[in-house]
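Residue-level listing of the chains:
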Amino acid sequence: EERDAGNGGSAKAGRKAHYAAEKLRKWERLWTLALQALESIDPNFATKVDQLAVTKGFRGSPHIDKQNTGAFYGLALGDFDDGGGGICVEVDAW
């Protein structure tokens, strides 16, 4: 792996950190608003959040997220026809 002599770490890790910082700067307002919404219903959980997924026009299908082993919140915004557009979460998939 390529090394960055300046900080003793890998250049790849430096690029990843730079990309993550740029992404946070770009979406900082959305991140802030999402955390405010979460803090209004679960202040304790809001202190532990380190990731946020945002989609638009997403059409999912029933599935199990094997990588999502911890607690998470979901929120759907928009004008939805009766019987569609909401979030369906099975409490205990096991």
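Everything quoted here is computed from the prediction, not taken from an experiment. (Residues numbered from 1 in each chain as written. Predicted model: local features only at pLDDT ≥ 70, side-chain atom pairs only at ≥ 80, totals over all residues. Heavy atoms only, no water.)

Student: How would you explain the overall build of the protein chain if you had to name every residue and give the values?
Tutor: Counting its regular elements, the protein chain contains three helices and zero strands. Order of helices (α) and strands (β) in the protein chain, N terminus to C terminus: α-α-α. Out of the 94 residues belonging to the protein chain, those deemed buried represent 6%. Expressed as a percentage of contacts within the protein chain between residues at least 6 apart in sequence, the contacts between residues at least 24 apart total 25%. Carbon and sulfur atoms make up 53% of the accessible area of the protein chain, which amounts to about 8,900 Å² in all. (Helix = DSSP H or I, 4+ residues; strand = E, 2+ residues; numbered from the N terminus. Buried < 20%, exposed > 50% of the residue type's maximum accessible area, 1.4 Å probe, protein only. Contact = heavy atoms within 4.5 Å. Areas by Shrake-Rupley, 256 points an atom, 1.4 Å probe, with all protein chains shown as cover.)

Student: Give me the layout of surface pockets: which residues, what numbers.
Tutor: Volume-wise, the second largest pocket comes out at about 390 Å³. Lining the second largest pocket are 13 residues; nearest its centre among them are K23, L24, W27, W31 and L52. For the lining of the second largest pocket, the secondary structure elements donating two or more residues are α1 (11-26) and α2 (28-41). A per-class count over the lining of the second largest pocket returns eight nonpolar, two polar and three charged. (1 Å grid on protein atoms, 1.4 Å probe; cavity = no way out; pocket = protein on both sides within 12 Å on 5 of 7 lines; lining within 4 Å. Points joined across faces, edges and corners; volume = space filled by probe spheres on them. Nonpolar A, V, L, I, M, F, W, Y, C, P; charged D, E, K, R; others polar.)

Student: Please set out the environment of Q36 residue by residue, giving values where relevant.
Tutor: Of note, Q36 is situated in helix α2. Overall, the relative accessible area of 44% leaves Q36 in the partly exposed class. When the C-alpha atoms of Q36 and A46 are compared, they prove to be 8.3 Å apart, with 10 residues separating the residues in sequence.

Student: Describe the side chain of S10, with residues and values.
Tutor: Mapping S10 onto the fold places it in the segment before α1. Looking at S10, its side chain comes within polar contact range of the main-chain nitrogen of A13, at 2.9 Å. (Polar contact = N/O pair within 3.5 Å; in protein donor to acceptor, adjacent residues only side chain to side chain.)

Student: Go over a nonpolar patch on the surface, please, and point to the residues and values.
Tutor: On the surface, W27, L30, L52 and V54 cluster together into a nonpolar patch covering about 380 Å² of accessible area. Checked against the element boundaries, L52 lands in the segment after α3 (43-46). Taking the relative accessible area as the measure of exposure, L52 reaches 43% and is therefore partly exposed. (Patch = residues over 30% accessible without salt bridge, like charges linked within 9 Å, V, L, I, M, F, W, Y side chains within 5 Å. Salt bridge = Lys/Arg side-chain N within 4 Å of Asp/Glu carboxyl O.)

Student: An account of the pattern of salt bridges is requested, with residue identities and associated values reported.
Tutor: Counted by the stated rule, this structure contains one salt bridge. As a salt-bridge pair, R25 and E22 come within 2.4 Å of each other at their nearest N and O atoms. Here R25 and its partner E22 are both found in helix α1, three residues apart, which amounts to about one turn of the helix. R25 gets classed as exposed once you look at its relative accessible area, which sits at 51%.

Student: Now, about the confidence of the model for the protein chain: what can you tell me, with residues and values included?
Tutor: Residues shown with low pLDDT carry predicted positions that ought not to be read at fine detail. In this model, the protein chain carries a mean pLDDT of 80, and residues with pLDDT of at least 70 account for 81%. Looking over the protein chain, one finds the lowest element-wise mean pLDDT in α1, namely 90, and the highest in α2, namely 94. (pLDDT = per-residue confidence, 0-100.)

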